[in-house]
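Single-letter residue listing:
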Amino acid sequence: MMNFCSIDDVADPIGWIGKAIELQKKIENGGPLDKSGKSICLLFFNPSLRTRLSMQKAAFNLGIESFVFNLSSEGWQLEFEDGVVMNGSKSEHIVEAAGVISSYFDAVGIRSFASLSDKANDYAEQVLSQFVKHCSIPVVNMESATLHPLQSFADMITIEEYKKVSKPKVVLTWAPHPKALPQAVANSFLQWGNQMDYDLVVTHPQGYDLDPSMVGEAKVEYDQKKAFEGADFIYAKNWSAFQDANYGQVVSQDMNWTVNQEKMNLTNDAKFMHCLPIRRNVIATDEVLDSDSSIIMPQAKHRITSAQMVLKEVLEIK
Ligand code: CP
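Each chain has its residues counted from 1, following the order in which its sequence is written. With pLDDT at 70 or above as the cut-off, local features in this predicted model cover only qualifying residues; side-chain atom pairs require 80 or more to be listed or tallied, and sums for whole chains, interfaces and linings still use all residues. Neither water nor hydrogens contribute to the side-chain values; these are computed over all heavy atoms in the structure.

- Going by the annotation in an unreviewed UniProt entry, the name recorded for the protein chain is N-succinylornithine carbamoyltransferase, with Reichenbachiella ulvae given as the source organism.
- UniProt positions are given in the numbering used here, feature names are shortened, and annotations may be inferred rather than shown by experiment. Word for word, the UniProt comment on the protein chain under Pathway (unreviewed entry) is "Amino-acid biosynthesis; L-arginine biosynthesis."
- Quoted verbatim from the Function (unreviewed entry) heading of the UniProt record, the comment on the protein chain is "Catalyzes the transfer of the carbamoyl group from carbamoyl phosphate to the delta-amino group of N(2)-succinyl-L-ornithine to produce N(2)-succinyl-L-citrulline. Is essential for arginine biosynthesis."

Structure (structure tokens):
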């Protein structure tokens, strides 16, 4: 076994340089060494279970090598503003970071949640859009400030698989949560749901109205029980306030909005969905989550399906 701690560990440094120059030509001419696949960098500013593992599994299924980078805890702090004198805490500019990542990989996935403190920056998608601007490779949104399209794609696949009528009533319901969460999953679910032939309803307490451009043609109903009547799918999710004065805040933790069996009994034998992770007996009761109506496991499994489809398309894999 050899170490590589200094040049002293290299018996033939000149020979190594010659071999390295040959290697560089091989890299430039053919992508990953001795492998037929492509490579993707999965870059996380925030935690994940499903997104990280489903992307890695999807990449594995396609013969793509995936490289996970937890940038917030392991990378340099990035500067996203242009023209800044970088004499503060941020060590690297997005221009160079995106350029380097683009030169190493065939695609990059970005997870960067909303700040929930700066609505303008969040809804301008500052982080994601800067990666898109400065990367020369495809960028995949692994949940950005305002959207989570990989989740919604999986959600739609799941609804299509389980629907029993051609135009199901699909209800997105707000549910309580102790922490302030972004609107990304709800926004994205509504965006995708609006593209489908669904009777789409969103129900939430007063003060939790979402961006009207995301709500689209969905019906807004403030009475949760009324919304549940005749529903074929109940999709529970918490989100924090979108409205300017309370942006990003928890304005209600009303446990009367928890999804329980009594409310599920008002539906048309609806399937229960949630993107996970879920707080049991806060968002929905154990009884609902452990019932035959719950399809949260197949829904989570479809995260691999949606990821694999997206990777296949962005990397043009036949
Ligand atoms: N639903 C979802 O995106 O799960 P993770 O946050 O665990 O990735």
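## Here's the deal with the overall build of the protein chain
Reasoning step 1: Where helices and strands are cited, they refer to DSSP runs of H or I of at least four residues and of E of at least two residues respectively, numbered from the N terminus. Scanning the protein chain from terminus to terminus reveals 13 helices and 11 strands.
Reasoning step 2: For the protein chain, the spread of C-alpha atoms along the three principal axes comes to 75 × 45 × 35 Å.
Reasoning step 3: Across the 318 residues in the protein chain, those meeting the buried criterion constitute 47%.
Reasoning step 4: Working rule for contacts: check all heavy atoms of both residues, and any pair within 4.5 Å makes them a contact. Sequence-distant contacts in the protein chain: of pairs separated by 6 or more residues, those separated by 24 or more amount to 75%.
Reasoning step 5: To measure how exposed things are, a 1.4 Å probe is used in the Shrake-Rupley method; for residues, cover is taken only from the protein chains shown. Surface exposure of the protein chain reaches about 16,100 Å², of which carbon and sulfur atoms provide 53%.
Reasoning step 6: When the 29 basic and 40 acidic side-chain charges of the protein chain are each reduced to a single mean position, those positions are 5 Å apart. Throughout, exposure labels follow a simple rule: accessible area from a 1.4 Å probe, protein chains only, divided by the maximum for the residue type, with under 20% read as buried, over 50% as exposed, and the rest as partly exposed. Only four residue types enter the tally: Lys and Arg on the positive side, Asp and Glu on the negative side, with His and both chain ends excluded. Lysine's charge is taken at NZ, arginine's at CZ, aspartate's at CG and glutamate's at CD.

## Side note on the UniProt feature "binding site: N(2)-succinyl-L-ornithine" (unreviewed entry) in the protein chain
Reasoning step 1: Listed under "binding site: N(2)-succinyl-L-ornithine" (unreviewed entry) in the UniProt record, and renumbered for this structure, are Glu 143, His 177, Lys 237 and Arg 279.
Reasoning step 2: With respect to the secondary-structure elements, Glu 143 resides in the loop between β6 (139-141) and α7 (149-162).
Reasoning step 3: For Glu 143, a relative accessible area of 8% gives the class buried.
Reasoning step 4: Other than its neighbours up to four places away in sequence, Glu 143 contacts Ile 110, Arg 111, Ser 112, Phe 113, His 148, Ala 184 and Val 185.
Reasoning step 5: Here a polar contact is taken to be a pair of N or O atoms separated by no more than 3.5 Å, where protein atoms must pair a possible hydrogen donor with a possible acceptor and residues adjacent in sequence count only if both atoms sit in side chains. A distance of 3.5 Å separates a polar atom in the side chain of Glu 143 from a polar atom in the side chain of Arg 111.
Reasoning step 6: Within the element layout of this structure, Lys 237 appears in strand β10 (residues 233-237).
Reasoning step 7: Owing to a relative accessible area of 8%, Lys 237 belongs among the buried residues under this scheme.
Reasoning step 8: Those residues within four positions of Lys 237 in sequence are excluded, and the remaining contacts are Leu 172, Thr 173, Trp 174, Ala 175, Leu 181, Val 185, His 274 and Cys 275.

## As for the pattern of salt bridges
Reasoning step 1: Should a side-chain nitrogen of Lys or Arg be within 4 Å of a carboxyl oxygen of Asp or Glu, the pair is scored as a salt bridge. Within this structure, the stated rule accounts for 10 salt bridges.
Reasoning step 2: The closest approach of N and O atoms between Asp 82 and Lys 133, which form a salt bridge, is 3.7 Å. On the criterion of sequence distance, the pair formed by Asp 82 in the loop between β3 (78-79) and β4 (92-93) and Lys 133 in helix α6 (residues 126-134) is long-range, its members being 51 residues apart.
Reasoning step 3: Classification of Lys 133 by relative accessible area gives exposed; the value is 55%.
Reasoning step 4: With a closest N to O distance of 3.8 Å, Lys 219 and Glu 221 form a salt bridge.

## Digging into the site of the ligand
Reasoning step 1: Whether a residue is near a molecule or strand depends on its heavy atoms: it is near if one of them lies within 4 Å of it. What surrounds the ligand is the set Ser 48, Leu 49, Arg 50, Thr 51, Arg 111, His 148, Gln 151, Cys 275, Leu 276 and Arg 303.
Reasoning step 2: One of the side-chain N or O atoms of Ser 48 is found 2.7 Å from an oxygen atom in the ligand.
Reasoning step 3: Within the backbone of Leu 49, a nitrogen or oxygen atom sits 2.7 Å from an oxygen atom of the ligand.
Reasoning step 4: Relative to its unbound accessible area of 260 Å², the ligand is 94% covered by the protein chains.
Reasoning step 5: For the shell around the ligand, the residue count by class is 3 nonpolar, 4 polar and 3 charged. Basically, the charged four are Asp, Glu, Lys and Arg, the nonpolar ten are Ala, Val, Leu, Ile, Met, Phe, Trp, Tyr, Cys and Pro, and anything else, Gly included, counts as polar.

## What about the state of the cysteines?
Reasoning step 1: The disulfide criterion used throughout: a pair of cysteine sulfur atoms within 2.5 Å. Summed over the entire model, instances satisfying the criterion amount to 0 disulfides.
Reasoning step 2: The thiol of Cys 135 is not disulfide-bonded; the next cysteine sulfur, from Cys 41, is found 8.9 Å away.
Reasoning step 3: Of the residues examined, Cys 135 reaches a relative accessible area of 10% and is grouped as buried.

## Describing the packing of helix α4 (residues 94-104) against α6
To characterise two packed helices, one gives the angle between the axes of the helices and the distance between these axes.
Reasoning step 1: Axis separation between α4 and α6 bottoms out at 9 Å; the angle between their running directions is 60 degrees. One way to sum up the angle between α4 and α6 is to call them oblique. The two elements α4 and α6 meet at a crossing, and its hand is right-handed. Contact residues: Ile 94, Val 95, Ala 98, Gly 99, Ile 101 and Ser 102 in α4; Gln 130, Phe 131 and His 134 in α6.
Reasoning step 2: Of the residues in the contact of α4 with α6, the class split is 5 nonpolar, 4 polar and no charged. What counts as an axis is a line fitted to C-alpha atoms, over the stretch in contact for a helix, and the angles between N-to-C directions run from 0 to 180 degrees. For this classification, under 35 degrees means roughly parallel, over 145 means roughly antiparallel, 65 to 115 means roughly perpendicular, and everything else is oblique. Crossing handedness follows the turn of the near helix against the far one: under a right angle anticlockwise gives a left-handed crossing, and clockwise gives a right-handed one.

## Things to note about the side chain of Ser 54
Reasoning step 1: Examined against the element boundaries, Ser 54 turns out to sit in helix α2 (residues 50-61).
Reasoning step 2: Here Ser 54 falls in the buried class, since its relative accessible area comes to 5%.
Reasoning step 3: When residues no more than four places from it in sequence are discounted, the contact partners of Ser 54 are Arg 303, Ile 304 and Ala 307.

## Looking at the sheet that holds strand β7 (residues 169-174)
Reasoning step 1: Strands are labelled as partners when DSSP assigns at least two bridges between them. The 5 strands are arranged β9-β8-β7-β10-β11 in an open sheet whose pairing can be described as parallel. Sheet topology places β9 (219-221) and β11 (271-273) at the edges, where each strand pairs with a single neighbour. On average, adjacent strands in this sheet sit at an angle of 20 degrees to one another, irrespective of strand direction.
Reasoning step 2: Across 3 bridges, the pairing between β10 and β11 is parallel. Residue pairing in the sheet places Phe 233 in a bridge with Lys 271 of β11.
Reasoning step 3: Each of β7, β8 (199-203) and β10 is contacted by helix α8 (residues 184-195), which is oriented at about 160 degrees to β8, the strand it contacts most.

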